[in-house]
Every structure is written in structure tokens, then in C-alpha cells.
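# Geometric and topological summary
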Amino acid sequence: MDNLDRNIIDLLRENSRASYGDIGSRVGLSASAVKRRIDRLVVDGVIRGFTVNVDPTIDGMSTEAYVELFCRGTVSPSELQRILSAVPEVAEACTVSGSADAILRIRSRDIPSLEAALERVRVAPSVDHTRSAIVLSRLVHREIE
């Protein structure tokens, strides 16, 4: 991967629907050269997919919380993944250092559905307790991967 590839990826992050010609004009390549590079980045696994970013207030998932998850004993990351994958409101989950075993980002329609999602997490036998912080307003949001 070279600087041209990095520039192409940055432009795709800004607008994944940009045409090959638009990207090419900004990085100094022809549309066909941009297409070949993007195809190679996909085949090589650098680009894992293209997605749409939907406004959560429009799709009805405007309630958001960050949740610290504390487990009983030692629980493997694969076990946590199994438990948390079964709760569709869990948008992200990461194991972390510190006193919590994992941090979750939960999106739901409203407070009652957030509470129901938290209860589905809490009833897992390996979960001891959770500590939640409900998001009031989003100040900065960047998709960086």
C-alpha cells in the first residue's frame, strides 16, 4: 500500500459513492487506474466493505448508551462475543483494560428498549453487573478504521 492508496482510502471514507473519475482527478490518476487500485485493495482485504451511514434519529435508534460490563470470574472474549452478538442493540463491544471486562455501545429506540437490551445482557450467567452512561449529545464522531 502506497500514498496513492492511502489517499484513495481517505477519499472513500469521505464519500464511498464517489466515482472513480472524481477520485482520480483528486489523486492524479485515471478512472481505470483508480478502479484497479480499489479492486486490489478489496481483494487484499484492506477495504473490507462499503457501507451506508444512516442518521439514527431518522431510523428510530436515537437512544445511545455506553455500558461497562463486569463479569464473574474469567470469561473468554469468544464467550463475550457469543453473548453480546445475541443482543441486536449492541452496536459495538470491545474488551478493555481496567476494572471493566468490556465496553459496549448500545443503540435503541427509547429508554424502555435500552433497559430491555441491558437486561438481556445482564441475565447471561457470566455477567456480574453493568454500569451505563446514556449519551446526551454527540460532540465529535469520526469513522476511523
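Bear in mind the structure is a predicted one, so any value in this text is a computation, not a measurement. Each chain carries its own residue numbering, running from 1 in the direction its sequence is written. This being a predicted model, a pLDDT of at least 70 is required before a residue's local features are given, and a value of 80 or more before pairs of side-chain atoms are given or counted; all residues contribute to the totals for chains, interfaces and linings. Excluding hydrogens and water, the side-chain values take into account all heavy atoms of the structure.

### Some points on the layout of surface pockets
Two kinds of site are reported from a 1 Å grid over the protein atoms alone, namely cavities, where a 1.4 Å probe fits but cannot get out, and pockets, open sets with protein on both sides within 12 Å along at least five of seven lines, and residues are called lining when an atom falls within 4 Å of a point. Grid points are joined across faces, edges and corners, and a volume is the space filled by probe spheres set on the points. Counted as a void, the second largest pocket has a volume near 170 Å³. Where helices and strands are cited, they refer to DSSP runs of H or I of at least four residues and of E of at least two residues respectively, numbered from the N terminus. Counting residues per element, the ones that place at least two in the lining of the second largest pocket are helix H4 (77–85) and strand S2 (90–95). Considered class by class, the residues forming the lining of the second largest pocket number 7 nonpolar, 3 polar and 1 charged. Each residue gets one label: Ala, Val, Leu, Ile, Met, Phe, Trp, Tyr, Cys and Pro are nonpolar, Asp, Glu, Lys and Arg are charged, and the others, such as Gly, are polar.

### Regarding the pattern of salt bridges
For salt bridges, the criterion is a side-chain nitrogen of Lys or Arg within 4 Å of an Asp or Glu carboxyl oxygen. For the structure on display, the rule yields 16 salt bridges. One salt bridge connects Arg72 with Asp128, and the closest N-O pair in it is separated by 3.8 Å. Taken together, the residues span a long stretch of sequence, with Arg72 in the loop between strand S1 (63–71) and H4 and Asp128 in strand S4 (residues 127–134) at a distance of 56 residues. Glu79 serves as the salt-bridge partner of Arg82, at 2.6 Å between the closest nitrogen and oxygen. Here Arg82 and its partner Glu79 are both found in helix H4, 3 residues apart, which amounts to about one turn of the helix. Taking the relative accessible area as the measure of exposure, Arg82 reaches 53% and is therefore exposed. Salt bridges linked by common partners bring Asp2, Asp5, Arg37, Arg40 and Asp44 together as one network. Remark: exposure states derive from per-residue accessible area (1.4 Å probe, protein chains only) relative to the maximum for the residue type, with buried under 20%, exposed over 50%, and partly exposed in between.

### Description of the packing of helix H1 (residues 3–14) against helix H2 (residues 20–27)
Each pair of packed helices can be described by the angle between their axes along with the distance between the axes. The axes used here are C-alpha line fits, helices contributing only the stretch in contact, and every angle between their N-to-C directions lies in the interval 0 to 180 degrees. Running from N to C, H1 and H2 point in directions that differ by 130°, and their axes come no closer than 10 Å. Classified by the angle between their axes, H1 and H2 sit oblique to one another. Two packed elements cross with a definite hand, and for H1 against H2 that hand is right-handed. Judged by residue contacts, Leu4, Asn7, Ile8, Leu11, Leu12 and Glu14 of H1 engage Ile23, Arg26 and Val27 from H2. Here roughly perpendicular refers to angles of 65 to 115 degrees, roughly parallel to angles under 35, roughly antiparallel to angles over 145, and oblique to all remaining angles. By definition, any crossing whose near helix is turned counterclockwise from its far helix by less than a right angle is left-handed, and any crossing with a clockwise turn is right-handed. Between two residues, a contact is recorded if the distance between any of their heavy atoms is within 4.5 Å.

### Remarks on the pairing of strand S3 (residues 102–108)
When you tally the buried positions in S3, you get 6 out of 7 residues, the bulk of the element. Should DSSP find at least two bridges between two strands, the strands are regarded as paired. Looking at chain direction, S1 and S3 are connected through 7 bridges and run antiparallel. Within S3, the residue paired with Val67 across the bridge is Leu104. Of the pairings in the sheet, the one linking S2 to S3 comprises 5 bridges and is antiparallel in character. Note that in S3 the partner of Ala93 across the bridge is Leu104.

### Here's the deal with the packing of H1 against helix H3 (residues 31–43)
Look at H1 against H3: their axes get within 11 Å of each other, and the N-to-C directions meet at 85°. Regarding the angle of H1 to H3, the classification is roughly perpendicular. Here H1 contributes Leu4, Asp5, Ile8, Ile9 and Leu12 to the contact with H3, which in turn contributes Arg37, Ile38, Arg40 and Leu41. Split by residue class, the contact of H1 with H3 holds 6 nonpolar, no polar and 3 charged.

### Some thoughts on the environment of Asn7
By the element assignment, Asn7 lies in helix H1. A relative accessible area of 38% means that Asn7 is categorised as partly exposed. Put simply, Asn7 and Ser132 are 125 residues apart on the chain and 38 Å apart in space, counted from C-alpha to C-alpha.

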